[in-house]
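Here are the chains, one letter per residue:
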Amino acid sequence: MGILEEVIGAVVAVEGVKKLDPDASILTEGIAAIAGYKGVEMVTEHLENKEDDSKEGDSPQQPA
């Protein structure tokens with residue numbers, strides 16, 4: 001996971017806030033940036049964990 005994805009998440013979150021509230025304060029935009037940054041990080045970690053679980057084969061097989 002690179003920093004680029006996280007920065008893009010922050011930028012997209014700030015742009016989303018600006019679309020919803022054109023008069024949003026700098027504090028609101030800052031909070032959106034942090035949420036976007038951490039959100040991308042958490043989603044990426046979750047997807048990596050899902051891939052690791054499926055590769056290990058520890059999950060029980062589902063009935064057909």
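Residues numbered from 1 in each chain as written. Predicted model: local features only at pLDDT ≥ 70, side-chain atom pairs only at ≥ 80, totals over all residues. Heavy atoms only, no water.

Looking at the side chain of E6
And step 1. Checked against the element boundaries, E6 lands in helix α1 (residues 3-20).
And step 2. Here E6 occupies a buried position and makes no salt bridge, while the nearest side chain of opposite charge, K38, is found at 7.3 Å.
And step 3. A polar contact of 3.0 Å, which involves the side chain of E6, links it to the side chain of Y37. (Helix = DSSP H or I, 4+ residues; strand = E, 2+ residues; numbered from the N terminus. Buried < 20%, exposed > 50% of the residue type's maximum accessible area, 1.4 Å probe, protein only. Lys, Arg positive; Asp, Glu negative; His and termini not counted. Salt bridge = Lys/Arg side-chain N within 4 Å of Asp/Glu carboxyl O. Polar contact = N/O pair within 3.5 Å; in protein donor to acceptor, adjacent residues only side chain to side chain.)

Here we look at a negative patch on the surface
And step 1. On the surface, a cluster of negative charge is contributed by E45, E48, E51, D52, D53 and E56.
And step 2. Along the chain, the position of E48 falls in helix α2 (residues 26-56). (Patch = residues over 30% accessible without salt bridge, like charges linked within 9 Å, V, L, I, M, F, W, Y side chains within 5 Å. Areas by Shrake-Rupley, 256 points an atom, 1.4 Å probe, with all protein chains shown as cover. Charge placed at Lys NZ, Arg CZ, Asp CG, Glu CD.)

Remarks on the pattern of salt bridges
And step 1. Applying the stated criterion to the full structure yields 2 salt bridges.
And step 2. A salt bridge links E15 to K18; its shortest N-O distance comes to 3.9 Å. Residue E15 and its partner K18 are located together in helix α1, separated by 3 residues, close to a single helical turn.
And step 3. Residue classification places E15 among the partly exposed positions, given a relative accessible area of 40%.

Here's the deal with α2
And step 1. Helix length check: α2, at 31 residues, gives a terminal C-alpha distance of 45 Å against a target of 45 Å (1.5 Å per residue), a fit within 8%.
And step 2. Buried residues in α2 make contact with α1. (Expected span 1.5 Å × (residues − 1). Contact = heavy atoms within 4.5 Å.)

Regarding the packing of α1 against α2
Each pair of packed helices can be summarised by the angle the axes make with each other and by the distance between the axes.
And step 1. Two numbers describe how α1 lies on α2: the axes approach to 7 Å, and their chain directions differ by 140°. Overall, the two elements α1 and α2 adopt an arrangement that is oblique. For α1 against α2, the interelement crossing comes out right-handed. Seen from α1, the contacting residues are I3, E5, E6, V7, G9, A10, A13, V14, V17 and K18; seen from α2, they are T28, E29, A32, A33, G36, Y37, V40 and E41.
And step 2. Its residues placed into classes, the contact of α1 with α2 shows 10 nonpolar, 3 polar and 5 charged. (Axes fitted to C-alpha atoms, helices over the stretch in contact; angles between N-to-C directions. Parallel < 35°, antiparallel > 145°, perpendicular 65-115°, else oblique. Left-handed = near helix turned anticlockwise from the far one by under 90°. Nonpolar A, V, L, I, M, F, W, Y, C, P; charged D, E, K, R; others polar.)

Concerning α1
And step 1. Relative to the 26 Å expected for 18 residues at 1.5 Å per residue, α1 spans 26 Å between its end C-alpha atoms, a close match to the ideal helical length.
And step 2. Buried within α1 are the following residues: E6, G9, A10, V14 and V17. Take α1 and look down its axis: the buried residues cluster within an arc of 130°, on one side only. The outward face of α1, more than 90 degrees from its buried face, is lined by the exposed residues L4, V12 and K19.
And step 3. In the core, the buried residues of α1 are packed alongside α2. (Arc of directions from axis to C-beta.)

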